[in-house]
Amino acid sequence: MKQYKEQHINELRNVELEKLAKQGQLIDVRTQEEYEIGHINGSTLHPVERIETFNKDKDRTYYIYCRSGNRSAKASKYLAKQGYDIVNLDGGYIAYEKQHINDESTAEENKNLKIKPNRKQFNFSGLQCPGPIVNISKEIKNIENGDQIEVTVTDSGFLSDIKSWVKQTGHTLVKLDESNQGINAIIQKEQPKGLDVSHTTKGTTIVLFSGELDKAVAAMIIANGAKAAGRDVSIFFTFWGLNTLKKTHGVNVNKKGIAKMFDLMLPKTPVRMPLSKMNMFGLGNIMMRYVMKKKNVDSLPSLINQAIEQDIKLIACTMSMDVMGITKEELRDEVEYGGVGTYIGDTEQASHNLFI
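The paragraphs below set out a description of the structure included in this document. (Residues numbered from 1 in each chain as written. Predicted model: local features only at pLDDT ≥ 70, side-chain atom pairs only at ≥ 80, totals over all residues. Heavy atoms only, no water.)

1. Here we look at the packing of aromatic side chains
Per the counting criterion, the structure on display carries 9 aromatic pairs. A centroid spacing of 5.2 Å and a plane angle of 80 degrees characterise the contact between Phe54 and Tyr84, whose relative ring orientation is edge-to-face. Remark: Tyr84 occurs in the loop between helix H3 (70–81) and strand E5 (85–90) and Phe54 occurs in the loop between strand E3 (44–45) and strand E4 (61–65); sequence separation between them is 30 residues. Residue Phe54 is classed as buried on the basis of its relative accessible area, which comes to 7%. The exposure class assigned to Tyr84 is buried, which follows from its relative accessible area of 3%. Arranged with centres 5.9 Å apart and planes meeting at 10 degrees, the rings of Phe122 and Phe124 form a pair that is stacked. Taken together through their ring pairs, the aromatic side chains of Phe54, Tyr62 and Tyr84 make up a single cluster. Its guanidinium or amino end placed over the ring of Tyr84, Lys58 lies 5.1 Å from that ring's centre, counting from NZ or CZ. (Phe/Tyr/Trp six-rings, centres within 6.5 Å; stacked < 30°, edge-to-face > 60°. Helix = DSSP H or I, 4+ residues; strand = E, 2+ residues; numbered from the N terminus. Buried < 20%, exposed > 50% of the residue type's maximum accessible area, 1.4 Å probe, protein only. Lys NZ or Arg CZ within 6 Å of the ring centre and 35° of its normal.)

2. Describing the sheet that holds E3
In spatial order, the strands read E1-E5-E4-E2-E3; together these 5 strands make up an open sheet with parallel pairing. Both edges of this open sheet fall to strand E1 (4–8) and E3, since each of them pairs with a single strand only. Looking at chain direction, E4 and E5 are connected through 4 bridges and run parallel. Its bridge partner being in E5, Thr61 is matched across the sheet by Asp85. Relative to the sheet, H3 contacts E1, E4 and E5, its axis offset from that of E5 by approximately 170 degrees. (Pairing = 2+ DSSP bridges. Contact = heavy atoms within 4.5 Å. Axes fitted to C-alpha atoms, helices over the stretch in contact; angles between N-to-C directions.)

So, in structure tokens, the structure goes:
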């Protein structure tokens with residue numbers, strides 16, 4: 001009997017994935033454009049939109065991946081029904097890229113660069129976004145081209161931020177790794193990068209600062225509409241906007257002090273977010289959801305599900321999470337984490353930026 005199962009993509013080593021690719025068993029179901037930007041070496045492109053045309057030997061097991069695992073799950077279930085042995089690689093290219101591409105490409109591109117013994121070292125542990133990036137920017141100005149600095153940072157969003165920052169500034173990320181002590185990075189100063197910014201017509205970035213239901217719904221409607229129109233969409237959730245990303249069933253996390261106070265004041269799920277006008281101690285929320293349902297307007301959780309299915313990038317601000325005592329366990333599994341550096345990196349590739 002044919003089987004369908006799930007496995008996290010990072011449970012397979014890079015060499016195992018590339019072996020599967022060479023054997024024609026690793027299938028990428030994203031779009032042609034996504035595939036061209038980056039893919040696992042040797043993987044076969046077969047977009048999910050054309051999955052019904054999949055016609056391969058049914059005596060082999062096929063490993064299916066997409067950007068995060070949503071489209072690959074749909075494709076996998078379809079192929080399993082057609083009699084194929086299928087493994088859906090949960091986590092998708094996002095998880096693979098974080099574990100393999102970034103560190104390996106950095107090492108490959110900079111294999112001729114040596115770590116210099118006279119580098120300056122800085123400990124930015126405890127600083128939240130944008131503190132580490134701001135301090136690195138200051139210290140880089142105090143050294144000569146070709147010199148290096150080494151930094152230790154505890155903010156989890158720094159892993160994404162520093163990669164974006166070096167791309168924008170033209171400096172070189174010589175080394176980047178993470179341990180129980182924090183994130184360690186070595187950066188080499190390069191000749192200043194030109195200030196010309198090339199915009200595309202396909203990018204849309206949204207900052208959702210508000211924690212109010214109507215504004216969150218508006219943001220998600222705009223985001224889904226922009227994605228449907230062919231734009232690349234990123235939403236950066238900060239401060240009260242983080243409530244939008246909470247799981248719909250609510251998660252009980254043991255908190256203390258200020259974090260516990262915030263927890264008592266903030267809604268447990270996005271459905272309970274207040275209205276910006278006429279909230280009336282929660283009655284307005286109930287009325288709004290009733291009217292939306294009656295008028296066939298999608299609920300906020302449904303709009304977020306649509307965004308996830310369309311692979312809209314949902315970024316939670318790690319600094320805001322720390323300030324408000326919000327943990328990763330409380331947020332949806334599909335959420336990415338970053339800071340202002342990550343957001344600015346996306347805005348450089350966008351021509352349409354909104355603050356809500």
